[in-house]
Amino acid sequence: MNNLEKYRQLIRSHLLEDVMQFWQNSDLIDKVNGGYYTSVDRFGKLYNTDKSVWFQGRCLWTYSALINKYGYNPIWVENAKTGKAFLEKYCTDTDERMFFTVTKDGKPLRKRRYFFSESFYCIAMAEYGNAMKDKESLKKAEKCFEMMNMIYNNPDSDTYKITPKSYPTRKERSAANAMVMLSTSQILRRCIPQKAEYYSRIVKYICNDIIKYHYKEDMKCVLETVSDDGSFIDNPTGRTVNPGHSCENAWFLMNEAIYSDNSDLMQKALNILDWSLELGWDEKFGGIYYFRDIYNKPSDQLEWDMKLWWVHNEAMIACLTAYGITKQQKYFDMFERILQYCLQNFHDKQYGEWYGYLHRDNTVSHTQKGTLWKGPFHLPRCLMICDTLLGNIENGESIKPFL
């Protein structure tokens, strides 16, 4: 019998007493300018004052989600409010598109072509609006999402014209765009239930895009990049599988299959998870590879064999979700295996939180706990969701959509 209560207590205490406590004691909160610094070293000390706009949204989402799950905490509320204020004041350009990085006092540094900054703004404002009963924040999330939806469906439109990444000689389609659209629309559906039917229509066509274009049953994978019509590109970019993205897509799709009672989609999501774990797991050293070439040819990504924290976070959620739905022991066994691997290799037992980047042999590559890409988001999200899932399973409850 799986010791569900033991794991639930472990995960909750790890979240609240280790991970979030590390960030509370760190230089995360900018007490002068507002907002969040995520570039902190092993000890939580600031080493780069530039701010990630992704993480202004991601951190705001995390503190808002903590309030929604565990109740009102004045520290979480204060931390959420400072992020929201900075995000709204400094992070949007005059064309309504958002920056990628800004200075500590909000001056723009970089702007990128895709809509990931906007997606994290959307989920942050939706979660905050839901937590604080703030209707204005919910409206702002809705408005920003409509811009994202326009860009996703009409990237060449004059309103928000996207600079092409490459010449139109080979038109490509990225799985990351669909994945971000899927998770964002699912969160808005949960936080704005009166518009659930509208967001469900969007969720449905995004799921269809993932399956139609990127899901390859004959190759047993989800490809990161395909031709615009979904056909295979036989070069290193076209052969790339990101097991972490695939596991993340798997639990997003499982979440939708539960919501819409779609058994066919559920089976495809379980296939994606099975394929990703088979392709991604390193049998020699343990852990999940960052990238794989589906034909096992050389990868263009020099970091292909590294182990990254977020990849394992997504796999934990996906495995526990799959176990809760199917009750197949192999999924719980894999959840345990990944959790134990992470606590052994990623967790800094002396100073708390996790390292983000390991070499293939599990030695630490980078000692910092935060970067412009790593901060309190993937790991807290993983632990919050796993806490919920373990509670559902322990109580004999059906797994409910958690996005």
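Residues numbered from 1 in each chain as written. Predicted model: local features only at pLDDT ≥ 70, side-chain atom pairs only at ≥ 80, totals over all residues. Heavy atoms only, no water.

Peer 1: I'd like a description of the side chain of Glu118, backed by residues and values.
Peer 2: In this fold, Glu118 is placed in helix H4 (residues 116-132). Given a relative accessible area of 0%, Glu118 falls into the buried group. (Helix = DSSP H or I, 4+ residues; strand = E, 2+ residues; numbered from the N terminus. Buried < 20%, exposed > 50% of the residue type's maximum accessible area, 1.4 Å probe, protein only.)

Peer 1: Break down the side chain of Glu142 for me, with residues and values.
Peer 2: Tracing the backbone through its elements, the reader meets Glu142 in helix H5 (residues 135-153). The exposure class assigned to Glu142 is buried, which follows from its relative accessible area of 18%. At 2.8 Å, the side chain of Glu142 forms a polar contact with the side chain of Lys195. Filtering out sequence-adjacent residues up to four positions away, Glu142 remains in contact with Leu188, Ile192, Lys195 and Tyr199. (Polar contact = N/O pair within 3.5 Å; in protein donor to acceptor, adjacent residues only side chain to side chain. Contact = heavy atoms within 4.5 Å.)

Peer 1: Residue-level account of the nonpolar core, with values.
Peer 2: What tends to happen in soluble globular proteins is that the nonpolar side chains get buried as a cluster. Of all hydrophobic cores here, the largest spans 128 residues; its most connected members are Met254, Leu273 and Ile338. Looking at this core, the element that brings in the most residues is helix H10 (residues 309-326), giving 11 residues. In terms of nonpolar packing, the next biggest core, distinct from the first, is built from eight residues, Met219, Cys221, Leu223 and Val226 among them. (Core = buried A, V, L, I, M, F, W, Y, C linked by side-chain atoms within 4.5 Å.)

Peer 1: Can you explain the packing of aromatic side chains? Please cite residues and give values.
Peer 2: This structure, assessed with the given rule, holds 30 aromatic pairs. Judged by centre distance (5.5 Å) and plane angle (85°), the rings of Trp54 and Phe100 are edge-to-face. One end of the pair, Trp54, is in helix H2 (residues 53-70); the other, Phe100, is in the loop between helix H3 (74-90) and strand S2 (101-102), and 46 residues separate them in sequence. Since its relative accessible area comes to 9%, Trp54 is described here as buried. A centroid spacing of 4.2 Å and a plane angle of 35° characterise the contact between Tyr290 and Phe291, whose relative ring orientation is tilted. Three or more aromatic residues joined by ring pairs form one cluster here, namely Trp54, Trp61, Phe100, Tyr114, Phe115, Phe116, Phe120, Trp373 and Phe377. Lying over the aromatic face of Phe100, Arg112 brings its terminal NZ or CZ to 3.9 Å of the ring centre. (Phe/Tyr/Trp six-rings, centres within 6.5 Å; stacked < 30°, edge-to-face > 60°. Lys NZ or Arg CZ within 6 Å of the ring centre and 35° of its normal.)

Peer 1: Which residues make up unusual backbone geometry, and what values go with them?
Peer 2: A positive phi angle is found at Lys220, which is not glycine, with a value near 55°. Relative to the elements of secondary structure, Lys220 occurs in the loop between strand S5 (215-216) and strand S6 (221-222). Of note, Asn362 is a non-glycine position whose phi angle comes to about 75°, a positive value. Residue classification places Asn362 among the buried residues on the basis of a relative accessible area of 14%.

Peer 1: Pulling in residues and values, what's your account of the sheet that holds S2?
Peer 2: Spatial ordering of the open sheet is given by S1-S2-S3, a layout of three strands whose pairing is antiparallel. With partners counted over all chains shown, the strands left at the sheet margins are strand S1 (51-52) and strand S3 (108-110), one partner each. Across two bridges, S1 lies against S2 in antiparallel orientation. Residue pairing across strands places Ser52 opposite Thr101, the latter belonging to S2. (Pairing = 2+ DSSP bridges.)

Peer 1: Any chance you could break down the environment of Trp275 for me, citing the residues and the numbers?
Peer 2: Residue placement: Trp275 occurs in helix H9 (residues 263-280). Between the C-alpha atom of Trp275 and that of Glu217, which follows or precedes it by 58 residues, the distance is 9.6 Å. Those residues in contact with Trp275 that lie beyond four places of it in its chain are Tyr215, Lys216, Glu217, Lys220 and Cys221.

Peer 1: Pulling in residues and values, what's your account of H4?
Peer 2: In this model H4 runs 24 Å from its N-terminal to its C-terminal C-alpha over 17 residues, within 8% of the 24 Å that 1.5 Å per residue would give. With 15 of 17 residues buried, H4 lies mostly within the body of the structure. After H4 finishes, the residue Lys133 shows a positive phi value of roughly 55°. (Expected span 1.5 Å × (residues − 1).)

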